[in-house]
Amino acid sequence: ILYRSSPVTSATDNFALTVWVKASSLTTGGANKVVVWNGDPHSTGYGIVQRDGQFVFRHGNTDLASTNFSTDAWLHLALVRNQGVSRCYAGFVELSSGAGAPLPPTAAFQIGGDPTVPYGAEFFTGKIDQVRCYTFPAGTWSLTRLQPPD
């Protein structure tokens, strides 16, 4: 688990949060296991969690989209907000889009779990690689930013 005591960015628009992930288990007992989060996964900011057999993209407590996965393959996930529209991607394919804005991130930046929850209840079990959280100028977003080089 990586934990930083402040968010990487306080942006609520024109940002991207991306990660490669491979879960070890499909079950979480209904808990939200934090994969990556900028802010407080219980109220502010945005991120991606595992909930049972799905990865769930969220703004604070609001689910934006989800995707099923298997434990035998790596999957690229991205949550992008550009000019007031949030888009969720799995495997470089858009799952959904919507206009709801996240609350400004507070608290921390977390990879692999939420250390504020007792007994590791929200720790992710699996592998995480190439986490990126960045901002960009309005109107400059392109899907090619997510795709790997040839």
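Scroll up to find the structure.
Draft legend 1. Broad picture of the overall build of the protein chain. The number of helices and strands found in the protein chain is 0 helices and 11 strands. Secondary structure of the protein chain in N-to-C order comes out as β-β-β-β-β-β-β-β-β-β-β. Relative to a compact globule of 150 residues, whose C-alpha radius of gyration would be 15 Å, the protein chain shows 14 Å and is just as compact. Expressed as lengths along the three principal axes of its C-alpha atoms, the size of the protein chain is roughly 40 × 35 × 25 Å. By residue count, 45% of the 150 residues in the protein chain fall in the buried class. Considering only intrachain contacts with a sequence separation of at least 6, the fraction spanning at least 24 residues in the protein chain is 60%. Here the protein chain has roughly 7000 Å² of accessible surface; of this, 51% comes from carbon and sulfur atoms.

Draft legend 2. Quick look at the sheet that holds strand β9 (residues 93–98). A sheet is described by the order of its strands in space; here 5 strands give the open sequence β9-β8-β7-β2-β11, paired in antiparallel fashion. Edge strands, defined here as strands with exactly one partner in the open sheet, are β9 and β11 (126–135). The average undirected angle you get between the axes of adjacent strands in this sheet is 15 degrees. Two elements, strand β7 (residues 75–82) and strand β8 (residues 85–90), share 6 bridges in a ladder whose sense is antiparallel. Residue pairing for β8: Val-80 is matched across the bridge by Arg-87.

Draft legend 3. Spatial organisation of the packing of aromatic side chains. In this structure the tally under the stated criterion is 6 aromatic pairs. Ring centres of Trp-20 and Phe-92 lie 5.9 Å apart, and the angle between their planes is 65 degrees; on these two criteria the pair is classed as edge-to-face. Of the two residues, Trp-20 is situated in strand β2 (residues 15–23) and Phe-92 in the loop between β8 and β9; the sequence distance between them amounts to 72 residues. Pairwise contacts between aromatic rings join Phe-55, Phe-69 and Phe-124 into one cluster.

Draft legend 4. Seen up close, the state of the cysteines. Across all of its chains, the model carries 0 disulfides by this definition. For the unlinked cysteine Cys-88, the closest cysteine sulfur is that of Cys-133, found at 14 Å. For Cys-133, a relative accessible area of 17% translates into the label buried.

Draft legend 5. Broad picture of the nonpolar core. Grouped together as the largest cluster of nonpolar side chains are 23 residues, with contacts concentrated most on Val-35, Val-36, Ile-48, Phe-55, Phe-57 and Leu-77. Counting residues per element, the ones that place at least two in this core are β2, β3 (33–38), β4 (46–51), β5 (54–59), β7, β8 and β10 (109–111). Top element by residues in this core is β2. It accounts for 5 residues. Setting aside its immediate chain neighbours within four residues, Val-36 contacts Leu-17, Val-19, Gly-47, Ile-48, Phe-109, Gln-110, Ile-111 and Val-131. In this structure, Tyr-89, Phe-136, Trp-141 and Leu-146 belong to the second largest nonpolar core, which totals 9 residues.

What counts, and where the lines are drawn
- Residues numbered from 1 in each chain as written.
- Predicted model: local features only at pLDDT ≥ 70, side-chain atom pairs only at ≥ 80, totals over all residues.
- Heavy atoms only, no water.
- Helix = DSSP H or I, 4+ residues; strand = E, 2+ residues; numbered from the N terminus.
- Rg over C-alpha atoms; globule rule 2.2 N^0.38 Å.
- Buried < 20%, exposed > 50% of the residue type's maximum accessible area, 1.4 Å probe, protein only.
- Contact = heavy atoms within 4.5 Å.
- Areas by Shrake-Rupley, 256 points an atom, 1.4 Å probe, with all protein chains shown as cover.
- Pairing = 2+ DSSP bridges.
- Axes fitted to C-alpha atoms, helices over the stretch in contact; angles between N-to-C directions.
- Phe/Tyr/Trp six-rings, centres within 6.5 Å; stacked < 30°, edge-to-face > 60°.
- Disulfide = S-S within 2.5 Å.
- Core = buried A, V, L, I, M, F, W, Y, C linked by side-chain atoms within 4.5 Å.

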